[in-house]
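# Structural features, examined
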Amino acid sequence: MLSSIRRLIFGVVLIGFLAWAFQAIVPPPPNICGTPNGPPITAARIQLRDGRHLAYAESGVPKERAKYKFVFFHGFSSGRNDRSFATPILPRYGESDPDPKRTLKSTAFDVEELADQLGLGSKFYVIGNSMGGQVVWACLKFISHRLAGAILVAPVVNYWLPGFPNNLAKEAYYEQLPRDQWAVGVAHYTPWLTYWWNTQKWFPASSVIAQKPKLSPSDVKILTALLARHGRTPKEDVTQQGVYESLLKEMMVGFGSWEFDPMDLANPFLDNDGSVHLWHGSEDGLVPVTLQRYIAGRLPWIHYHEVADAGHFFPYADGMREAIFKTLLLGEK
């Protein structure tokens, strides 16, 4: 009798634990914009072929009069209202419908469809900052025939790209904060635990999500100056549809197994009708510069620009964004 009671208690505890574990691991469904209980739709959006909506924002000269048309991919935890490069078209996050089958390849074709629906012409430029740089790589792989040129600014690197020597990738991986080593490792090796890892309270999750990133002295100086100049401005709620669909899915795609290796790419501008530029700060605490140097060495057709004593936020330094655009568009050094 006592043994039966023990088995019953054990069974109840086990069921309770499994129920808790399932609830902790499985993310809640997205809170989709425009649904009865979802956030309101306030952004301009297009409807893609598969029925999803893609939100975007426009800035700069109206596209009908613009000589150069850019699509800008913002960084992690940002949104369409990111004005870091003040480029005409900026998609992703915020009010875009979730894509349960999102990959870098599917994202590139979303970009192409956005450009077509907005009438950007047969060719357009792309620029990606930080995590947005991974979308630029995807565009160079899958829709290079539509590109007039491309800029990667402090692009986040996937440590598991097969083109990296193991010792180099390992060394760069351990340059991260320990909490970020765990966060990106979970996203790569056990993506099904990504939601739990970044929402549990036992261990520190991603430093970027926690807003405690590894900053260089120059980053601190730049961000302090921006805060003094503009104050704290209200930030777009990029996670209003759910932290999983916005931030965590981005980590899973960005640090997962890619459909291609950027180091295998061929020069898409053999006729010198365009160019690709990669900019990085030598003191970037978020993305090790050693990996960018290796990529640039493997792809000599990429114009590599390393900014001395600069961190991850160097594009916000006075005059830097103008220099980045002039290098691409005017060929200035």
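The structure displayed is predicted, hence computed values, not measured ones. (Residues numbered from 1 in each chain as written. Predicted model: local features only at pLDDT ≥ 70, side-chain atom pairs only at ≥ 80, totals over all residues. Heavy atoms only, no water.)

### Quick look at the packing of aromatic side chains
Within a pair of aromatic rings, the relevant descriptors are the distance that separates the centres and the angle that separates the planes. One pass over the structure, following the stated rule, counts 19 aromatic pairs. Seen from their ring centres, F70 and Y125 are 4.9 Å apart, and the 20 degrees between their planes marks the pair as stacked. Of this pair, F70 sits in strand β3 (residues 70-73) while Y125 sits in strand β5 (residues 124-129), and the two are 55 residues apart along the sequence. Taking the relative accessible area as the measure of exposure, Y125 reaches 15% and is therefore buried. (Phe/Tyr/Trp six-rings, centres within 6.5 Å; stacked < 30°, edge-to-face > 60°. Helix = DSSP H or I, 4+ residues; strand = E, 2+ residues; numbered from the N terminus. Buried < 20%, exposed > 50% of the residue type's maximum accessible area, 1.4 Å probe, protein only.)

### Thoughts on the packing of helix α2 (residues 104-117) against helix α3 (residues 133-142)
For the pair α2 and α3, the least separation of the axes is 8 Å and the interaxial angle reads 80 degrees. Taken together, α2 and α3 sit at an angle that is classed as roughly perpendicular. Facing L104, K105, T107, A108, F109 and V111 of α2, the residues of α3 in contact are Q134, V135, A138, C139 and F142. In terms of residue class, the contact of α2 with α3 is made up of eight nonpolar, two polar and one charged. (Axes fitted to C-alpha atoms, helices over the stretch in contact; angles between N-to-C directions. Parallel < 35°, antiparallel > 145°, perpendicular 65-115°, else oblique. Contact = heavy atoms within 4.5 Å. Nonpolar A, V, L, I, M, F, W, Y, C, P; charged D, E, K, R; others polar.)

### So, the packing of helix α4 (residues 166-173) against helix α9 (residues 289-298)
At their nearest, the axes of α4 and α9 sit 9 Å apart, and the two run at 150 degrees to each other. Our classification of the angle between α4 and α9 gives roughly antiparallel. Where α4 approaches α9, its residues L168, A169 and A172 are matched on the opposing element by T290, L291 and Y294. Of the residues that constitute the contact of α4 with α9, the class distribution is five nonpolar, one polar and no charged.

### Topic: the confidence of the model for the chain
Of the residues in the chain, 85% have a pLDDT of 70 or more, and the chain-wide mean is 86. With pLDDT under 50 throughout, residues 8-20 is counted as low confidence; its partners more than four residues away or in other chains account for one contact. (pLDDT = per-residue confidence, 0-100.)

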